[in-house]
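Coordinates in review
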Amino acid sequence: TSDGACRQGQLLQPLAQIQRDGMARAASLTAWRQVQVQLAQFRQLTLQVQGAIQRNDTAALDKHFGKDFAFSMPVSGKVPQVMNRAEFLKLGALYTLETFHISNLGARVWGGVPVVRYQAYRTAELGSIDRSGEFVVVDTWVKEGDAWRLSGRLLARPDPGVNPAK
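Residues numbered from 1 in each chain as written. Predicted model: local features only at pLDDT ≥ 70, side-chain atom pairs only at ≥ 80, totals over all residues. Heavy atoms only, no water.

Once that is clear, we can look at the overall build of the chain. Within the chain, the secondary structure is distributed over three helices and seven strands. When each of the 166 residues of the chain is scored for burial, the buried share is 28%. Expressed as a percentage of contacts within the chain between residues at least 6 apart in sequence, the contacts between residues at least 24 apart total 49%. For the chain, the exposed surface amounts to about 11,000 Å²; the carbon and sulfur share of it is 57%. (Helix = DSSP H or I, 4+ residues; strand = E, 2+ residues; numbered from the N terminus. Buried < 20%, exposed > 50% of the residue type's maximum accessible area, 1.4 Å probe, protein only. Contact = heavy atoms within 4.5 Å. Areas by Shrake-Rupley, 256 points an atom, 1.4 Å probe, with all protein chains shown as cover.)

Moving on, we get to the side chain of Arg-131. By the element assignment, Arg-131 lies in the loop between β5 (129–130) and β6 (133–144). The buried charged residue Arg-131 lacks any salt bridge, with Asp-130 as its nearest oppositely charged partner at 7.8 Å. (Lys, Arg positive; Asp, Glu negative; His and termini not counted. Salt bridge = Lys/Arg side-chain N within 4 Å of Asp/Glu carboxyl O.)

Our next topic: the pattern of salt bridges. Summed over all chains, the structure comprises three salt bridges. A salt bridge links Asp-57 to Arg-55; its shortest N-O distance comes to 3.5 Å. Ionic pairing is found between Asp-139 and Arg-153, a salt bridge with its closest N-O pair at 2.7 Å. Separated by 14 residues along the polypeptide, Asp-139 in strand β6 and Arg-153 in strand β7 (residues 147–156) bring together distant segments of the chain. Its relative accessible area of 0% is what places Asp-139 among the buried residues.

Approximately 440 Å³ is the volume attributed to the largest pocket. Taken together, 25 residues form the lining of the largest pocket, with Phe-71, Phe-88, Tyr-95, Arg-122 and Leu-155 sitting closest to its centre. For the lining of the largest pocket, the leading source of residues is strand β4 (residues 113–126), giving four residues. Tallied by class, residues from the lining of the largest pocket come to 17 nonpolar, five polar and three charged. (1 Å grid on protein atoms, 1.4 Å probe; cavity = no way out; pocket = protein on both sides within 12 Å on 5 of 7 lines; lining within 4 Å. Points joined across faces, edges and corners; volume = space filled by probe spheres on them. Nonpolar A, V, L, I, M, F, W, Y, C, P; charged D, E, K, R; others polar.)

Before going further, it helps to spend a moment on the nonpolar core. Core analysis: the largest hydrophobic core is formed by 28 residues, its most contacted members being Val-49, Ile-53, Leu-61, Phe-65, Phe-71, Tyr-118 and Trp-141. Residue assignment for this core shows that the elements contributing at least two residues are α1 (2–54), α2 (58–64), β1 (65–73), α3 (85–91), β3 (95–110), β4, β6 and β7. Apart from residues lying up to four places away in sequence, Leu-61 is in contact with Val-49, Ala-52, Ile-53 and Leu-89. (Core = buried A, V, L, I, M, F, W, Y, C linked by side-chain atoms within 4.5 Å.)

Of note, Arg-122 is situated in strand β4. An unpaired buried charge is present at Arg-122: no salt bridge exists, and Asp-130, the closest side chain of opposite charge, is 7.9 Å distant. Of the polar contacts made by the side chain of Arg-122, one reaches the side chain of Tyr-95; its length is 2.9 Å. Every residue in contact with Arg-122, bar those within four places of it in the chain, is listed here: Tyr-95, Leu-97, Thr-99, Phe-100, Arg-131, Ser-132, Gly-133, Phe-135 and Leu-155. (Polar contact = N/O pair within 3.5 Å; in protein donor to acceptor, adjacent residues only side chain to side chain.)

On their own, these measurements won't tell you what the molecule is for.
Quick look at the structure:
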């Protein structure tokens, strides 16, 4: 009987491994689905913020911005320009966002803080200054109550890239 029990154990080991592999794949699929849900959620929030900027809707922006919102824009050779929430909302009166397109959106959570990055292509003016073109945007979000609020935004021009063939 011990010989039969040994053979039964040998037969069950591969089945147990298949079950563990299946559980690992299911956990991986569940994690992937959670990431997809988070990406969709932050893509929607990003579109809502950009739409509010386009409409100059300060009430909607105020709803999306966290209490400590800060907007940062690096300036070549200078200290980055940083605006707090009130300054950014006030500047919005001078800003005209005609069109925008978002691509390459990605999100990652570090220590409970979602960081969303994307490329924005836009046609825009700040007063009489053309602010059109491609930008890289990095947003950090915080949970305030039951809602995600935009805590920080960094806006910069992308690197033109290097072509190693040249």
